[in-house]
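The residues making up each chain are set out below.
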Amino acid sequence: MKHYIADFETTGYEQYLIDGHTRVFMWAIASVEDIKIVARGTSIDTLMEWCFTTRRDKTTTLYFHNLKFDGSFILNWLYNNGYKRVKNFSNNPNKEFRTLISDMGVWYGITLKINKANYTIRVNINDS
């Protein structure tokens, strides 16, 4: 299992007035082991593409500081791309995700699963 730290930069109020919504305009991921940037991009689409890139280790964990903020962009992307929130993953999960958010609104994590060929990729997104 690989562990990474990740961060988003999002548009501000002036861009919101132009676009009508706030969006991720930049992201970066660094390896926890050596703190080197391993990936970066300019949209949440490219981040999610990176998450589901085939790797030898089929479980990836990303840590975001303040997941409540960054995670809201991830959940929006998931819902807009046909993912379904479930309490328990099915035996053959595809485009399923779970969340761990307390009744007090504290975000602890999001777990995603998607089928690839003959295996399943799991992505754990946790609050740091």
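Residues numbered from 1 in each chain as written. Predicted model: local features only at pLDDT ≥ 70, side-chain atom pairs only at ≥ 80, totals over all residues. Heavy atoms only, no water.

## Quick notes on a nonpolar patch on the surface
- A cluster of nonpolar side chains, contributed by Leu 100, Met 104, Val 106 and Tyr 108, occupies part of the molecular surface with about 460 Å² of accessible area.
- Within the secondary structure, Leu 100 is located in strand β6 (residues 96-101). (Patch = residues over 30% accessible without salt bridge, like charges linked within 9 Å, V, L, I, M, F, W, Y side chains within 5 Å. Areas by Shrake-Rupley, 256 points an atom, 1.4 Å probe, with all protein chains shown as cover. Salt bridge = Lys/Arg side-chain N within 4 Å of Asp/Glu carboxyl O. Helix = DSSP H or I, 4+ residues; strand = E, 2+ residues; numbered from the N terminus.)

## Examining the packing of aromatic side chains
- Applying the stated rule across the entire model yields 8 aromatic pairs.
- Counting every residue linked through ring pairs, the aromatic cluster contains Phe 8, Phe 64, Phe 69 and Phe 73.
- Across from the ring centre of Tyr 119, 4.8 Å away, lies the NZ or CZ of Lys 58, which sits over that ring. (Phe/Tyr/Trp six-rings, centres within 6.5 Å; stacked < 30°, edge-to-face > 60°. Lys NZ or Arg CZ within 6 Å of the ring centre and 35° of its normal.)

## Let's talk about the pairing of strand β1 (residues 2-10)
- As defined by bridge partners, β1 adjoins strand β4 (residues 59-64) across 5 bridges and the pair is classed as parallel. Residue Ile 5 lies in a different strand from β4, and its bridge partner there is Tyr 63.
- Pairing of β1 with strand β2 (residues 24-31) involves 7 bridges; the strand directions are antiparallel. When the bridges of β2 are listed, Ala 6 appears paired with Ile 29. (Pairing = 2+ DSSP bridges.)

## Considering the pairing of β6
- In this sheet, β6 lies alongside strand β5 (residues 84-85) in parallel orientation, the contact comprising 2 bridges. In the strand pairing of β6, Arg 85 is matched with Phe 97.
- Here 6 bridges tie β6 to strand β7 (residues 107-116), and the two strands are oriented antiparallel to one another. For Arg 98, the partnering residue across the bridge sits in β7 and is Thr 111.
- Between β6 and β7, which pair antiparallel in sequence order, lie 5 residues; one of them, Gly 105, sits at a positive phi of approximately 85°.

## Some details on the pattern of salt bridges
- Applying the stated criterion across every chain yields a total of 1 salt bridge.
- Notably, a salt bridge pairs Asp 19 with Arg 23, separated by 3.1 Å at the nearest N-O pair.
- Judged by its relative accessible area of 29%, Asp 19 is partly exposed. (Buried < 20%, exposed > 50% of the residue type's maximum accessible area, 1.4 Å probe, protein only.)

## Considering the environment of Asp 19
- Counting through the fold element by element, Asp 19 comes out in helix α1 (residues 13-19).
- Within the structure, the side chain of Asp 19 is placed 3.1 Å from the side chain of Arg 23, a separation counted as a polar contact. (Polar contact = N/O pair within 3.5 Å; in protein donor to acceptor, adjacent residues only side chain to side chain.)

## What about the side chain of Thr 61?
- Among the structural elements, Thr 61 can be located in strand β4.
- In this structure the side chain of Thr 61 is engaged in a polar contact, spanning 3.3 Å, whose partner is the side chain of Asn 124.
- Excluding anything up to four places from it in sequence, Thr 61 contacts Met 1, Lys 2, His 3, Tyr 4, Asn 124 and Asn 126. (Contact = heavy atoms within 4.5 Å.)

## Some details on helix α2 (residues 44-51)
- For α2, the complete set of buried residues consists of Ile 44, Leu 47, Met 48, Trp 50 and Cys 51. For α2, the angular spread of the buried residues around the axis is 155°, confining them to a single face. (Arc of directions from axis to C-beta.)

## Considering unusual backbone geometry
- A positive phi angle, close to 55°, is found at Ile 35, a residue other than glycine.
- Inspection of the secondary structure assignment puts Ile 35 in the loop between β2 and β3 (37-41).
- Positive phi values are uncommon outside glycine, yet Asn 66 reaches one of about 65°.

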